[in-house]
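Results of the structural survey
If you want the building blocks of each chain, they are given just below.
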Amino acid sequence: MSFAVLFVVIFFLSLSFEKMEEVEAKGFYQLELAQGFVGDSTQIYVNDSLLYENVVATDTLKITFKPFDEQHLLMVSDLTTQRTRSYNLPKEACRVILSKDEEGLVEFLPERWENE
């Protein structure tokens, strides 16, 4: 009996994870800090909402969010150098990769979701 209950729980959990993957591609953006941010005190805003404010510990930080406006302004601030860069996010939800070059400037690379 306990095996049957365990099987049912695992089955429904696997279904919910599949649904979560489908939702990612529908209206959700994902920001990924790819390289160059480790050790920097960083703030990330979308429109006027603060998404992240902390010292970045790893090169693979991912933030998933769903904005509530039609137009989206992404602002990335490096609190150490007092530099702020702003970017217009695409209207369609996508994955956005942010990385820093040798001069410390933030590069912006939006990618469409793979299953669209």
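Above this text sits the structure in question.
The sections below set out a description of the structure shown in this document.

**Topic: the pairing of strand β2 (residues 41-46)**
With six bridges joining them, β2 and strand β3 (residues 49-55) adopt antiparallel strand pairing. Looking at the pairing, Ser-41 lines up with Val-55 of β3.

**Quick notes on unusual backbone geometry**
For Asn-47, which is not a glycine, the phi torsion comes out positive at approximately 55 degrees. Of note, Asn-47 is situated in the loop between β2 and β3. Of note, the phi angle at Gln-82 is positive, near 60 degrees, even though the residue is not glycine. Within the secondary structure layout, Gln-82 lies in the loop between β5 (72-78) and β6 (83-89).

**Regarding the packing of aromatic side chains**
Note on aromatic pairs: each is described by the distance of the centres and the angle between the planes. Counted by the stated rule, this structure contains two aromatic pairs. When the ring of Tyr-29 is compared with that of Phe-65, the centres are 5.6 Å apart and the planes differ by 15 degrees; the resulting orientation is stacked. With Tyr-29 in strand β1 (residues 29-35) and Phe-65 in strand β4 (residues 61-65), the pair connects residues that are 36 residues apart, well separated along the chain. Pair check on accessibility: Tyr-29 and Phe-65 agree, each one buried. Geometrically, the ring pair formed by Tyr-87 and Phe-108 is stacked, given 4.7 Å between the ring centres and 5 degrees between the ring planes. On the criterion of sequence distance, the pair formed by Tyr-87 in strand β6 and Phe-108 in strand β8 (residues 106-112) is long-range, its members being 21 residues apart.

**Digging into the side chain of Asp-40**
Structurally, Asp-40 can be placed in the loop between β1 and β2. With residues up to four places along the chain from it excluded, the contact list for Asp-40 reads Asn-54, Val-55, Val-56, Asp-78 and Lys-100.

**Here's the deal with the sheet that holds β8**
Pairing between the strands of a sheet is mediated by backbone hydrogen bonds and can be parallel or antiparallel. Within the open sheet, the four strands sit side by side as β4-β1-β7-β8. Their pairing is mixed. On the outer flanks of this sheet lie β4 and β8, each paired with one strand and no other. Within the sheet, the average angular offset between the axes of one strand and its neighbour, ignoring direction, is 20 degrees.

**Notes on the pattern of salt bridges**
Here the structure, examined in full by the defined rule, presents three salt bridges. A salt bridge links Arg-95 to Glu-32, with the nearest nitrogen and oxygen atoms 2.5 Å apart. Note that Arg-95 is positioned in strand β7 (residues 94-100) and Glu-32 in strand β1, a separation of 63 residues in sequence. For Asp-40, the salt bridge identified is with Lys-100, shortest N-O distance 2.5 Å. Of the two residues, Asp-40 sits in the loop between β1 and β2 while Lys-100 sits in strand β7, which places them 60 residues apart along the sequence. Classification of Asp-40 by relative accessible area gives buried; the value is 16%. Each of Asp-40, Asp-78 and Lys-100 takes part in a single network of salt bridges with overlapping partners.

Basis of the calculations
Residues numbered from 1 in each chain as written. Predicted model: local features only at pLDDT ≥ 70, side-chain atom pairs only at ≥ 80, totals over all residues. Heavy atoms only, no water. Pairing = 2+ DSSP bridges. Helix = DSSP H or I, 4+ residues; strand = E, 2+ residues; numbered from the N terminus. Phe/Tyr/Trp six-rings, centres within 6.5 Å; stacked < 30°, edge-to-face > 60°. Buried < 20%, exposed > 50% of the residue type's maximum accessible area, 1.4 Å probe, protein only. Contact = heavy atoms within 4.5 Å. Axes fitted to C-alpha atoms, helices over the stretch in contact; angles between N-to-C directions. Salt bridge = Lys/Arg side-chain N within 4 Å of Asp/Glu carboxyl O.

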